[in-house]
Amino acid sequence: MEFNPATLDANTVYRLMVHSILPRPIAWISTVNADGVANLAPYSFFTVASCNPPVLSVTQVNPRDRLAKDTLTNLKATGACVVNIVSAALAEQMNATCADYPPGVSEFTAVGIARAPGVAVAADGVAEAPVRFECRLRQIIEISPEPSGGTMMLLDVVHIHVADSVLANGVIDPQLLDAVGKMGGNGYTHTRERFDLARPVYRPD
């Protein structure tokens, strides 16, 4: 079956993308608003934008009922956040923060999630997250202001916390990290089943 995005509604395009571009890593982002209320929300349109300098990329798919989610609003106000990596042990708590809490309610408090004070930024992280990237806002790129449009947040990494429990010989061990990924709909996946393929070396004849 072939599809022309120009003839499809936004929801159909969304479903085609989120059910095929997977598994997606999850950025569980903690921010604080101008009044000091902490926010915590997961985003699965998340990747590395640069390693030198270290920059993360997170995209908000614009909600239908307002221009921005609390995370983007808070980033614009304070410029600080923590990107928490979600382990399998934290999956249910992460999912609980998906609820549409009003801006004055902190998901940390509502769900009962322990905080870890930021080292380099004025935002708390998730204490039990095995990896935390403390970030400052670098740039916001608005792709489209329409509902289901995209707004990209580029984040400068200024401090990284890695729990000793996920390190093996000084390197993060994916088995110990036990991260989860996002699938389509309500689906998630473990990262426990893996395989290796040696990168080939091109040799001209």
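Since this is a predicted model, take the numbers as computed values, not measurements.

*Asks:* Can you walk me through the sheet that holds strand β13 (residues 180-182) in this structure?
*Replies:* Backbone hydrogen bonds hold the strands of a sheet together, and the pairing may be parallel or antiparallel. Reading across the sheet, the three strands line up as β1-β13-β14 and stay open at both edges, with antiparallel pairing between neighbours. Whereas interior strands pair on both sides, the edge strands pair on one side only; in this sheet they are β1 (24-25) and β14 (188-190).

*Asks:* Hey, could you run me through the pairing of strand β6 (residues 80-85) in this one?
*Replies:* Of all the six residues making up β6, six are buried; the element is thus mostly covered by neighbouring parts of the structure. Every second residue of β6 is oriented toward a common face, with A80, V82 and N84 on one face and C81, V83 and I85 on the other, all of them buried. Sheet analysis places strand β2 (residues 27-32) next to β6, joined by four bridges and oriented antiparallel. Counterpart to A27 in the pairing with β6 is I85.

*Asks:* Help me understand the pattern of salt bridges in this model?
*Replies:* A side chain of one charge can pair with a side chain of the opposite charge when the charged atoms of the two come close. Counting across every chain of the model gives three salt bridges. Of the charged contacts in the structure, one is a salt bridge between R138 and D156, with a shortest N-O distance of 2.9 Å. Here R138, found in strand β9 (residues 131-142), pairs with D156, found in strand β10 (residues 150-162); they are 18 residues apart in sequence, far enough to count as distant. By relative accessible area, which is 46% here, R138 ends up partly exposed. D178 is paired through a salt bridge with R192; the nearest N and O atoms lie 2.8 Å apart. With a gap of 14 residues between them, D178 in the loop between α5 (174-177) and β13 and R192 in the segment after β14 connect regions that are remote in the sequence. With relative accessibility at 47%, the residue R192 sits in the partly exposed group.

*Asks:* Is there a simple way to think about the nonpolar core in this case?
*Replies:* Note on soluble globular proteins: their nonpolar side chains tend to be buried together. Counting 21 residues, the largest nonpolar core has L56, V58, V83, F133, C135 and L155 as its most contacted members. Those elements that provide at least two residues to this core are β2, β3 (38-43), β5 (54-61), α2 (70-78), β6, β9 and β10. Every residue in contact with L56, bar those within four places of it in the chain, is listed here: F46, T47, V48, A49, V83, F133, C135, M153, L154, L155 and V157.

*Asks:* For this particular structure, what's the right way to read the sheet that holds strand β4 (residues 46-51)?
*Replies:* Strand order in the open sheet made by the seven strands is β3-β2-β6-β9-β10-β5-β4, with antiparallel pairing throughout. Both edges of this open sheet fall to β3 and β4, since each of them pairs with a single strand only. Mean inter-strand twist for the sheet, computed between neighbouring axes without regard to direction, equals 35°. As defined by bridge partners, β5 adjoins β10 across seven bridges and the pair is classed as antiparallel.

Cut-offs used in this document
Residues numbered from 1 in each chain as written. Predicted model: local features only at pLDDT ≥ 70, side-chain atom pairs only at ≥ 80, totals over all residues. Heavy atoms only, no water. Pairing = 2+ DSSP bridges. Helix = DSSP H or I, 4+ residues; strand = E, 2+ residues; numbered from the N terminus. Buried < 20%, exposed > 50% of the residue type's maximum accessible area, 1.4 Å probe, protein only. Salt bridge = Lys/Arg side-chain N within 4 Å of Asp/Glu carboxyl O. Core = buried A, V, L, I, M, F, W, Y, C linked by side-chain atoms within 4.5 Å. Contact = heavy atoms within 4.5 Å. Axes fitted to C-alpha atoms, helices over the stretch in contact; angles between N-to-C directions.

Taken by themselves, the reported measurements are silent on function.
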